[in-house]
Amino acid sequence: MKELVVISGKGGTGKTSITGALAVLAKQSVIVDCDVDAADLHLILRPTIEYEESFSGGKKASIIADACTGCGECFDACRFGAVTPDKDEMSGVPYIINRLHCEGCGVCYRVCPADAIDFGPAVNGVWRRSRTPFGPMVHARLGIAEGNSGKLVSLVRQEARRVAEERNLDLIIVDGSPGIGCPVISSITGADHVLVVTEPTLSGRHDLERVSDLTAHFGITTTLCINKWDLNPSLAHDIERNALDRRIETVGRVRYDKTVTASQIENRTVIEHGGNGASQDIVALWRTLKEKMR
Amino acid sequence: MIIAIASGKGGTGKTTIATNLALTLAEDGTALQLLDCDVEEPNCHLFLKPAWKDKRPATIVHPQVNTARCTGCGICAEVCEYNAIAVVNGEVLIFPELCHACGACSRFCPEDAITEVPHTIGTISTGHAGNIRFIQGLLNIGELMTPAVIEKVKSSADPDALTIIDAPPGASCPVIEAVRDVDFVLLVTEPTPFGLNDLVIAVEAMRALERPFAVAVNRSDIGNDEVLRYCRDEGIDVIVEIPDDRRIAEAYSRGDMIVHALPHMRNLFEHLWHEIRGRVSNKKEKT
């Protein structure tokens, strides 16, 4: 079983459009959306949800108004600015805990002399197992303004591996998130192959360097795809040369093509939309990538 | 006044708007600061090319055990909600990558055997680009505590200055840290299914955080009308629409400023500022 993770460093380079297209070309694989913060892959793969479960990645604290004496120990102890004096005193107590800023450390709960803090598991999101025409899909949705995205990503990947074994599928294709932080690290650790999708802009080049440092840090085989390469061919060439210095091979160039947006509006992948542009470039990308992953 | 430029979806034009808005204001003689809070992939510097004056490490604290005092009682591991401490055969093992620096272990250690030592997770750089005071955070490779670096960027800023924040993409903890105390948020999106899906998430986050916001639609003619329809149905103001223009994309790819490469675009950013300022001062008068 091989696990391919598609990431980008910079957002909006076409990672999800390309991941969806690869999932179609792979015929049958387990498809995973690890961009749990702003998941979009379902919009072009049209999954039918078969199973859904809520996800709790940590705990949250809240003040029990009846028991609170207003001593302020929790306010002094919280390092995340989640406890604030309640100016309006709407809650009837001098302090409130802002759920969105609570890090779930439990320090307030443990210092409270009046046992006036409730501290228990919080629902941070939901994960789903679905059916698509291109194979089973595992995806998730982090709750609004929630944390613990790294834990949700790990859970989704673990479920995908289980599904792959159960259905005897030998490929897992993962759509990662932008950046280099917690959800990205959770998406790539232990993966077999990372495909970085970038674009020929100074931002794309800069962010590719950061994300290549990250994959090198974790020792994961990495290849490169330059999307919209014809927007700036000379910069595209520079980026490919710099990547080679880091032993990152370019496995595909995808041209700037309006059919990518057109297919998104039709809620399908650019491969299903067809045409002689980006769609053909991604077919060539898949052919090369498949060889590299052998 | 603090304004954040944010978006659910990445690559919609946050940095383009933040830097061009800042430059338009600075060239009109307004003193301001720009905070690059997209600390995983900060890009404002590629466009404004600031002269750096100062670089300091961004640190958080990690626990360190004084083995001479430790009795191996295990309380530190019990109180750690992040499984960052384990006590095995009386020996304390610390997994710093899991630590959230909450201070529980050192606070509750009965032997006073845990001290907190600084650990560098990034860099805070300060400089100037013309009239713009520039502060950038950069997360180190392999580090997880993005919000902590964002907090350091914000606490390094002048709280009374006019401030524009370039926020990270998404709607989870890094975004919350970037916008938690701002006066106004501009949510940038594009008129596509992905743009709409991620805008809805960002709008819900802004409502949960009780931040006033409005929407900017970038590449406004590439997709369909669903974003505009959603905003109309939800009573959300769309205060600027930037048309798709290959010249903008090419200027961006080279790291050029849009308001320099295409001078007519300056009007658009002046208009945008007028709209934002009107909304913030209205809000302040009401309260």
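Residues numbered from 1 in each chain as written. Chains lettered and ligands numbered in written order. Predicted model: local features only at pLDDT ≥ 70, side-chain atom pairs only at ≥ 80, totals over all residues. Heavy atoms only, no water.

Undergrad: It is not clear to me how the domain arrangement of chain B should be interpreted in this structure. Could you clarify?
TA: Interfaces are often sized by the amount of accessible area the parts lose when they come together. What the domain assignment reports for chain B is domain 1 (2-56 + 121-286) and domain 2 (67-112). The centre of domain 1 of chain B, based on its C-alpha atoms, is set 40 Å off from the matching centre of domain 2 of chain B. (Domains from an automatic or database assignment.)

Undergrad: Help me understand the environment of glycine 223 of chain B, please; the structure alone is not making it clear to me.
TA: Residue and element names in this part refer to chain B. Along the chain, glycine 223 turns up in the loop between strand S10 (213-218) and helix H8 (226-234). Judged by relative accessible area, which is 33%, glycine 223 ranks as partly exposed. Residues glycine 223 and aspartate 158, spaced 65 residues apart in sequence, show a C-alpha to C-alpha distance of 40 Å. (Helix = DSSP H or I, 4+ residues; strand = E, 2+ residues; numbered from the N terminus. Buried < 20%, exposed > 50% of the residue type's maximum accessible area, 1.4 Å probe, protein only.)

Undergrad: Would you mind showing me how to read unusual backbone geometry here?
TA: Phi is mostly negative for residues that are not glycine, and the peptide bonds are mostly trans. One non-glycine residue, lysine 27 of chain A, lies in positive phi territory at about 65°. On the secondary structure map, lysine 27 of chain A appears in the loop between helix H1 (15-25) and strand S2 (30-33). Residue classification places lysine 27 of chain A among the exposed residues on the basis of a relative accessible area of 62%. For glutamate 210 of chain B, which is not glycine, the phi torsion reads 55° and is therefore positive.

Undergrad: Mind showing me how you'd approach the sheet that holds strand S7 (residues 132-139) of chain B here?
TA: Note: strands within a sheet are paired through backbone hydrogen bonds, in either parallel or antiparallel orientation. Residue and element names in this part refer to chain B. Taken together, nine strands build an open sheet; the order of strands is S3-S6-S7-S2-S8-S1-S9-S10-S11 and the sheet is mixed. Edge strands, defined here as strands with exactly one partner in the open sheet, are strand S3 (51-65) and strand S11 (238-242). The sheet shows a mean angle of 20° between the axes of neighbouring strands, direction not considered. In terms of strand pairing, strand S2 (residues 32-36) meets strand S8 (residues 163-169) through four bridges, oriented parallel. Looking at S8, one finds that leucine 35 is bridged to isoleucine 165. (Pairing = 2+ DSSP bridges. Axes fitted to C-alpha atoms, helices over the stretch in contact; angles between N-to-C directions.)

Undergrad: Would you explain the interface of chain A and chain B in this entry?
TA: Contact with chain A, which involves 60 residues of that partner, is made by 62 residues of chain B. Regarding the contact of chain A and chain B, the summed buried area is about 4900 Å², with carbon and sulfur atoms giving 56% of it. The largest per-residue losses of area from chain A upon contact with chain B belong to Arg79, Arg110 and Arg210 of chain A, which jointly make up 12% of the total buried on that side. On the surface where chain A and chain B come into contact, there are five salt bridges. Linking lysine 59 of chain A and glutamate 81 of chain B is a salt bridge whose minimum nitrogen-to-oxygen distance equals 3.6 Å. In this assembly, chain A and chain B are joined by 31 residue pairs in polar contact (both at pLDDT 80 or more). Looking at the side of chain A that touches chain B, the elements that each hand over two or more residues are H1, helix H2 (42-45), helix H4 (107-111), strand S9 (135-142), helix H6 (182-188), helix H7 (202-217) and helix H9 (259-265) of chain A. Ranked by residue count, the leading element in the side of chain A that touches chain B is H7 of chain A, at nine residues. Its residues placed into classes, the side of chain A that touches chain B shows 26 nonpolar, 20 polar and 14 charged. (Contact = heavy atoms within 4.5 Å. Buried area = accessible area lost by both parts, 1.4 Å probe. Salt bridge = Lys/Arg side-chain N within 4 Å of Asp/Glu carboxyl O. Polar contact = N/O pair within 3.5 Å; in protein donor to acceptor, adjacent residues only side chain to side chain. Nonpolar A, V, L, I, M, F, W, Y, C, P; charged D, E, K, R; others polar.)

Undergrad: Can you help me understand the packing of aromatic side chains in this one?
TA: In this description, a pair of aromatic rings is defined by centroid distance and the angle of the planes. Scanning all chains against the criterion turns up five aromatic pairs over all chains. It is arginine 253 of chain A that lies over the ring of tryptophan 229 of chain A; its NZ or CZ is 4.4 Å from the centre. (Phe/Tyr/Trp six-rings, centres within 6.5 Å; stacked < 30°, edge-to-face > 60°. Lys NZ or Arg CZ within 6 Å of the ring centre and 35° of its normal.)

Undergrad: Got a minute to help me understand the confidence of the model for chain B in this structure?
TA: Detailed reading of the predicted model is not advised wherever pLDDT is low. Summary statistics for chain B give a mean pLDDT of 96 and a share of 99% for residues scoring 70 or more. The ipTM assigned to the predicted complex is 0.95, against a pTM of 0.95. (pLDDT = per-residue confidence, 0-100.)

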